[in-house]
Amino acid sequence: MLTVNGLSKTYDAKGRHVEAIGDVSFSVADGEFVCVVGPSGCGKTTLLRCIAGLLPPTSGEIVVEGKVVDGPPDGLAVVFQEYGRSLFPWLRVRDNVDLPLRAAGTGKAKRRELVTGALDAVGLSDAHAAYPWQLSGGMQQRVAIARAIAYQPRVLLMDEPFAAVDAQTRADLEDLLRSVWQRLGVTLLFVTHDIDESVYLGQRVVMLSSSPTTVAEDLAIDLPAERDQLGTRADPRFTELRGQVYAQIQKAKQERT
Ligand SMILES: Nc1ncnc2c1ncn2[C@@H]1O[C@H](COP(=O)(O)OP(=O)(O)OP(=O)(O)O)[C@@H](O)[C@H]1O
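Residues numbered from 1 in each chain as written. Predicted model: local features only at pLDDT ≥ 70, side-chain atom pairs only at ≥ 80, totals over all residues.

### Comments concerning the UniProt feature "domain: ABC transporter" (unreviewed entry) in the protein chain
- As recorded in UniProt, the feature "domain: ABC transporter" (unreviewed entry) lies at residues 2–235.
- With 35% helix and 28% strand, residues 2–235 has its two end C-alpha atoms placed 31 Å apart. (UniProt positions renumbered as here; feature names shortened; annotations may be inferred. Helix = DSSP H or I, 4+ residues; strand = E, 2+ residues; numbered from the N terminus.)

Here it is in structure tokens:
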């Protein structure tokens, strides 16, 4: 269980005072897939950084698996948008995936098994000896996902992980992510500014207002669990749900102006 309780976050730097998050509360059940959407600059990344224990809240608290977050929680992994910057160019793909396991002190045989399994899960077994810069953007992002999977997190946070890849690769990565989530039973919090993506992926969509941010709406996505790019997106219920999210985001943007 992941709970965000009355979270607020204000940045104070060199005379610039930004109330990024006003008052945000929501929770994610174990094994649930929740998407967070909101207008640009509403504090989505800030929220994720607070949950990951990388930024202290100004007030309120975050509880992950019963423990108040005051640093990176055990069993939590994050995948960022900038895969190019999150992979080490001087390490081969398998060594990039292996790195967090080494840091955690996992034994060699277990590490090999986890790295092989994770690369297999993202369809990159053949690329294990390549360097990240020899791969396409979509493949690099799959390496970043493999690294998170190999770590066997119970909670996975993703910050616009597919924003920088082309539309076709993005659709493939969305389906890959849903199948990995279904297989691993991980608790997933996925931040995106893409309304269609949030409805396609999530079991719930938490919509944020513009700054100072609050939860504008928490919408259950009652689409069938088996989703596919053509069928699901053509489902009238999908159109209805995306319309609801779109209207809420437009409202949030207008309130700001
Ligand atoms: N380190 C920082 N210092 C000062 N202000 C910051 C810092 N990081 C973010 N902000 C401000 O906080 C607000 C929220 O930023 P954040 O990046 O969390 O939003 P976002 O919803 O992720 O944006 P986007 O959708 O454009 O990626 C913005 O006004 C931003 O300028």
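### A few points about the site of the ligand
- If you check the shell around the ligand, you find 14 residues, and the closest are Tyr 11, Ala 20, Lys 44, Thr 45 and Thr 46.
- When contributions to the shell around the ligand are tallied by element, the ones reaching two or more residues are strand E1 (2–13), strand E2 (16–28) and helix H1 (44–51).
- Broken down by element, the residue count for the shell around the ligand peaks at three residues, all from H1. (Near = placed C-beta within 6 Å.)

### Some points on the sheet that holds strand E10 (residues 213–220)
- Spatially, E5-E4-E1-E2-E10-E9-E3-E8-E7-E6 is the arrangement adopted by the ten strands of the open sheet, whose pairing is mixed. Strand pairing shows two members of the sheet lacking a second neighbour, strand E5 (67–68) and strand E6 (76–79), which therefore form its edges.
- Relative to E10, E2 runs parallel, the two sharing two bridges. Within E10, the residue paired with Asp 23 across the bridge is Thr 214.
- Helix-sheet contacts for H1 involve E1, E2, strand E3 (33–37), strand E4 (59–64), strand E7 (155–159), strand E8 (187–191) and strand E9 (204–208), and the interaxial angle to E1 is about 115 degrees. (Pairing = 2+ DSSP bridges. Contact = placed C-beta atoms within 7 Å. Axes fitted to C-alpha atoms, helices over the stretch in contact; angles between N-to-C directions.)

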